[in-house]
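Below are the chains, spelled out letter by letter.
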Amino acid sequence: MKANPPAADRRRAEFETLYARHSREVWALAYARWMDADLALDIAQEAFLRLWKHWESADQDIQNPRAWLLRVARNLAEDYAKSSFRRNGTTPPQLMNGVRSREPLPLDQMEQSEAFARIRDTLEEMPPSDRELLTLRYALEYDAGHIAELLGINATAVHMRLSRARQRLADKLTAQGTTAIP
Amino acid sequence: MNTTTRIPNTPEDGAGLDQLLAAYFRSEMPTRWPATPVPWAEKPQAGTNHVANPSRKSRWALAASVALLIGGGWYLSGHMTDGKTKQGLDLGTGEAAPPKVIKDHMAPKTKTP
């Protein structure tokens, strides 16, 4: 069935609202999987485009678009491992290229970039589920309750897992002699 | 001078680790968040789709080539059998059989009552 103009406008407005509210969450989950900010951005965009296509083609409405988007983003991120995302979606940039700088690094930022590179290496050794928690906590500044709601798990479990993940990170970084932020 | 600072790990200096992680993840997040995609604007125009689709075009070209090949072969084979130059091969000797033998062989057999 074709949507009449007012319905189409409503749908566009809803799409824009969803993007404004949830695109960072979708990005965070994709980022936690591959530790690649640009690839995560591609995955997030692709997830939203698929939502729109689904709206256009399917008879049934999506009850919970946020959950749907997160699930699609997770699947796309997993698909990337099988390389099918390259064929079916947008083309991501080179994966795992180390820390990329978005601006020239003056000498006084060298120490910070080294610390970040070590954090990155350490995060890559951690399970993706722990990286999800850390990304949501520190990139989006979500509290445990918010993370629990998003991931559909208990807030206490989030607290425990976050604490363990931080401890592991701290131990590894300390063992590497990582410097704190200058 | 010791330049290596211990990463904060105790509850007292846990804020340091938080600060470090927050700074790291902030640096990873895109500085300018991309605008909302507008998939409704990318919809192809009706009517121009067929012309613009290159795979459809190449499929037509392939079909035309195959048809031309089959038609050409059929046309040429018709010319050759109507003409006089065709000779058969005697499988027994490996030599070409004279045209008369072939003609006799190909002639419709008369039914005996």
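Residues numbered from 1 in each chain as written. Chains lettered and ligands numbered in written order. Predicted model: local features only at pLDDT ≥ 70, side-chain atom pairs only at ≥ 80, totals over all residues. Heavy atoms only, no water.

Broken down by element type, chain B carries 4 helices and 2 strands. Counted from the first residue to the last, chain B has its helices and strands arranged as α-α-α-β-β-α. Out of the 113 residues in chain B, the part that is buried amounts to 17%. For chain B, the computed accessible surface area is about 9500 Å², with 62% contributed by carbon and sulfur atoms. (Helix = DSSP H or I, 4+ residues; strand = E, 2+ residues; numbered from the N terminus. Buried < 20%, exposed > 50% of the residue type's maximum accessible area, 1.4 Å probe, protein only. Areas by Shrake-Rupley, 256 points an atom, 1.4 Å probe, with all protein chains shown as cover.)

What follows covers the pattern of salt bridges. Scanning all chains against the criterion turns up 11 salt bridges over all chains. Two residues, Arg11(A) and Asp61(A), come together in a salt bridge whose shortest N-O distance is 3.0 Å. Remark: Asp61(A) occurs in the loop between helix H2 (37-57) and helix H3 (65-81) and Arg11(A) occurs in helix H1 (residues 5-34); sequence separation between them is 50 residues. The closest approach of N and O atoms between Arg120(A) and Glu28(B), which form a salt bridge, is 3.2 Å. (Salt bridge = Lys/Arg side-chain N within 4 Å of Asp/Glu carboxyl O.)

Turning our attention to the packing of helix H7 (residues 144-151) of chain A against helix H8 (residues 155-175) of chain A. All names here are of chain A. At a closest axis distance of 8 Å, the pairing of H7 and H8 adopts a crossing angle of 110 degrees. Taken as axis vectors, H7 and H8 run roughly perpendicular relative to one another. Here the hand of the crossing between H7 and H8 comes out right-handed. Residue-level inspection shows Ala144, Gly145, Ile147 and Ala148 of H7 in contact with H8, the latter providing Ala155, Val158, His159 and Leu162. (Axes fitted to C-alpha atoms, helices over the stretch in contact; angles between N-to-C directions. Parallel < 35°, antiparallel > 145°, perpendicular 65-115°, else oblique. Left-handed = near helix turned anticlockwise from the far one by under 90°. Contact = heavy atoms within 4.5 Å.)

Residues and elements named next belong to chain A. Turning to its location among the elements, Arg131 is positioned in helix H6 (residues 128-138). In this structure, Arg131 is buried with no salt-bridge partner, the nearest side chain bearing the opposite charge being Glu124 at 7.1 Å. With residues near it in sequence (within four places) discarded, Arg131 still touches Ala32, Arg33, Met35, Leu123, Glu124 and Met126. (Lys, Arg positive; Asp, Glu negative; His and termini not counted.)

Following the sequence through the fold, His54(A) ends up in helix H2. The residues contacting His54(A), other than those within four sequence positions of it, are Gln60(A), Ile62(A) and Trp68(A).

In an α-helix, one turn spans 3.6 residues, which is why side chains three or four residues apart end up on the same side. Between the first and last C-alpha of helix H5 (residues 110-125) of chain A there are 23 Å, a value that for 16 residues agrees with the 22 Å anticipated at 1.5 Å per step. For H5(A), the complete set of buried residues consists of Ser113(A), Ala115(A), Phe116(A), Ile119(A), Arg120(A), Thr122(A) and Leu123(A). (Expected span 1.5 Å × (residues − 1).)

Another aspect to go through is H3(A). Here H3(A) spans 25 Å end to end across 17 residues, near enough to the 24 Å set by a 1.5 Å rise per residue. Every buried residue of H3(A) is listed here: Pro65(A), Arg66(A), Trp68(A), Leu69(A), Leu70(A), Val72(A), Ala73(A), Leu76(A), Ala77(A) and Tyr80(A).

Looking now at unusual backbone geometry. Residues and elements named next belong to chain A. The phi torsion at Met35 lies on the positive side, around 60 degrees, for a residue other than glycine. Here Met35 lies in the loop between H1 and H2. Residue classification places Met35 among the buried positions, given a relative accessible area of 1%. Although it is not a glycine, Glu141 sits at a positive phi angle of roughly 60 degrees. On the secondary structure map, Glu141 appears in the loop between H6 and H7.

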